[in-house]
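# An overview of the molecular structure
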Amino acid sequence: MPVPCVVHPASPAPAPELLSRLAALSTSLVSDVFGRWAGAPGIMPVTGLAPGQVVVGPALTVRTRPGDNLVVHKAVDLAVPGEVLVVAAGGANDRAILGGLLGAHAARRGLVGLVVDGAVRDLTELREAAPPTFATGVCHLGPYKDGPGEIRGPVSIAGLAVHDGDLVMADEDGVAVIPRALADEVTAAAEKKAHSEQQERAAIDAGTWDRGWLEEALEIQTPGA
């Protein structure tokens, strides 16, 4: 007997220029300028990420019960090229949500990243044929296919709210999410911080990095003095 699968309408595509600007930044910069809470702790790169690579794209959200990937298959079939699959699977690591076959299909559908709040498997196959994959763990035990689930609705991954079409950034430090309505503002702030950090690195190299803020923040006490 078929099970329910709620499918919401797809979100409009973001401007390619905005995605290019974000790809030149990093998750740490975005987190710093966005209140240091835009991340999904514990969801880390597993396979397919090149050194220095930043994955950026609008979220294709999926909500499923832990250990079940029936609606994940349907979501990949519905994917629009350039999207990042974001699967809310409860953070359970005792059963893989996707592996090599679904990873290869995701690449074929044009997905640029796979973000799973749960486990994955088939690491060699994912590395060879899937988009960069981020997850909370690895487990060889395969998923159930019983449903139900929801596609393109609001989800939570590692405690972070994600709406379909929000901008997902993922790199070697993990996963960050920018609400669609704030994307321009956050991107501009992150670019400004990147410029500031470049100046600080230049000062470090020159031996002129101002450490006055540290002295002001600390009251140094010397025991026995």
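Per an unreviewed UniProt entry, the recorded name for the chain is Putative 4-hydroxy-4-methyl-2-oxoglutarate aldolase, and the organism is Actinopolymorpha pittospori. Per its UniProt entry, the chain bears the Subunit (unreviewed entry) comment "Homotrimer." The Sequence similarities (unreviewed entry) field of the UniProt record for the chain holds the comment "Belongs to the class II aldolase/RraA-like family."

### Overview of the pairing of strand β4 (residues 84-88)
In terms of burial, β4 is largely enclosed, as five of its five residues are buried. Every second residue of β4 is oriented toward a common face, with V84, V86 and A88 on one face and L85 and V87 on the other, all of them buried. Relative to β4, strand β3 (residues 55-64) runs parallel, the two being bridged by five bridges. Paired with L60 across the bridge in β4 is L85. Handedness of the crossover is the feature at issue here: the chain leaves β3, passes through helix α3 (residues 70-78), returns alongside β4, and the resulting connection is right-handed. One ladder, built from five bridges, connects β4 with strand β6 (residues 113-120); its direction is parallel. For L85, the partnering residue across the bridge sits in β6 and is L114.

### Quick look at the nonpolar core
Grouped together as the largest cluster of nonpolar side chains are 22 residues, with contacts concentrated most on L85, V87, L98 and L111. For this core, the secondary-structure elements that each account for two or more residues are β3, α3, β4, β5 (96-98), α4 (100-108) and β6. Broken down by element, the residue count for this core peaks at four residues, all from α3. If you look at the next biggest cluster of nonpolar residues, it comprises 18 residues, including F34, V54, V56 and L167.

### Concerning the side chain of D166
Its location among the elements puts D166 in the loop between β10 (160-162) and β11 (167-171). Buried charged residue D166 carries no salt bridge. Nearest counter-charge: R180, at 6.8 Å. Separated by 2.8 Å, the side chain of D166 and the backbone nitrogen of H163 make a polar contact.

### Things to note about unusual backbone geometry
Here the residue pair G147 and P148 is connected by a cis peptide bond, since its omega of -5 degrees sits within 30 degrees of zero. Examined against the element boundaries, P148 turns out to sit in the loop between β7 (133-138) and β8 (149-151). One non-glycine residue, R152, adopts positive backbone phi at about 70 degrees. Along the polypeptide, R152 turns up in the loop between β8 and β9 (155-157). Among the residues examined, R152 registers a relative accessible area of 8% and is labelled buried. You will see that A158, though not glycine, has its phi angle at about 50 degrees, which is positive. In this fold, A158 is placed in the loop between β9 and β10. Classification of A158 as partly exposed rests on a relative accessible area of 30%.

The rules we used
Residues numbered from 1 in each chain as written. Predicted model: local features only at pLDDT ≥ 70, side-chain atom pairs only at ≥ 80, totals over all residues. Heavy atoms only, no water. UniProt positions renumbered as here; feature names shortened; annotations may be inferred. Buried < 20%, exposed > 50% of the residue type's maximum accessible area, 1.4 Å probe, protein only. Helix = DSSP H or I, 4+ residues; strand = E, 2+ residues; numbered from the N terminus. Pairing = 2+ DSSP bridges. Right-handed = clockwise from strand over helix to strand, strands pointing away. Core = buried A, V, L, I, M, F, W, Y, C linked by side-chain atoms within 4.5 Å. Lys, Arg positive; Asp, Glu negative; His and termini not counted. Salt bridge = Lys/Arg side-chain N within 4 Å of Asp/Glu carboxyl O. Polar contact = N/O pair within 3.5 Å; in protein donor to acceptor, adjacent residues only side chain to side chain.

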